[in-house]
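Fold and geometry: a report
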Amino acid sequence: MIYYKDGEVYVDTKPTLPISNDPLIETPSNNAAVITPHSFDDISDIAIACDKFQSLMLFTKYLDSTDRKRIIDFCCGIIFAKQGTLKMLDEDIFMLYFL
């Protein structure tokens, strides 16, 4: 598995689920990423991923309601700026598509 974290690309031979307190950006393909933030402090990683990938799946399960609202609001701004689309797939899962 190849994933992106803190501005670096890492290669791991076994797939893992994001269970630590660090944000984990998995890249199943060159144009998609999966992000699991744990606080609003992870917003810079989200912004970098939005710039590098055409689609982004955002899991907000580990966020409190305030951070969740702030991150979704931030993502809406990115969607507007990049003329993209935001879809809510589940209560804690969002898909972001960019042009």
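Residues numbered from 1 in each chain as written. Predicted model: local features only at pLDDT ≥ 70, side-chain atom pairs only at ≥ 80, totals over all residues. Heavy atoms only, no water.

This next bit is on the overall build of the chain. Assigned secondary structure in the chain consists of two helices and seven strands. Overall, the chain shows an N-to-C arrangement of helices and strands of β-β-β-β-α-β-α-β-β. Across the 99 residues that make up the chain, the buried fraction comes to 40%. Contacts in the chain between residues at least 24 apart in sequence constitute 39% of all its contacts with a sequence separation of at least 6. Accessible surface, the chain as shown: approximately 6100 Å² in total, 53% of it carbon and sulfur. (Helix = DSSP H or I, 4+ residues; strand = E, 2+ residues; numbered from the N terminus. Buried < 20%, exposed > 50% of the residue type's maximum accessible area, 1.4 Å probe, protein only. Contact = heavy atoms within 4.5 Å. Areas by Shrake-Rupley, 256 points an atom, 1.4 Å probe, with all protein chains shown as cover.)

One pass over the full model with this rule turns up zero aromatic pairs. When the ring centre of phenylalanine 40 is taken as origin, the NZ or CZ atom of arginine 70, which lies over that ring, is 3.7 Å away. Seen from the ring of phenylalanine 98, lysine 82 lies directly overhead, with NZ or CZ sitting 4.6 Å from the centre. (Phe/Tyr/Trp six-rings, centres within 6.5 Å; stacked < 30°, edge-to-face > 60°. Lys NZ or Arg CZ within 6 Å of the ring centre and 35° of its normal.)

All right, on to helix H1 (residues 43–52) then. Along H1, the residues classified as buried are Ile43, Asp45, Ile46, Ala49 and Cys50. All buried residues of H1 project into a common sector of 155 degrees when viewed along the axis, lining one side. (Arc of directions from axis to C-beta.)

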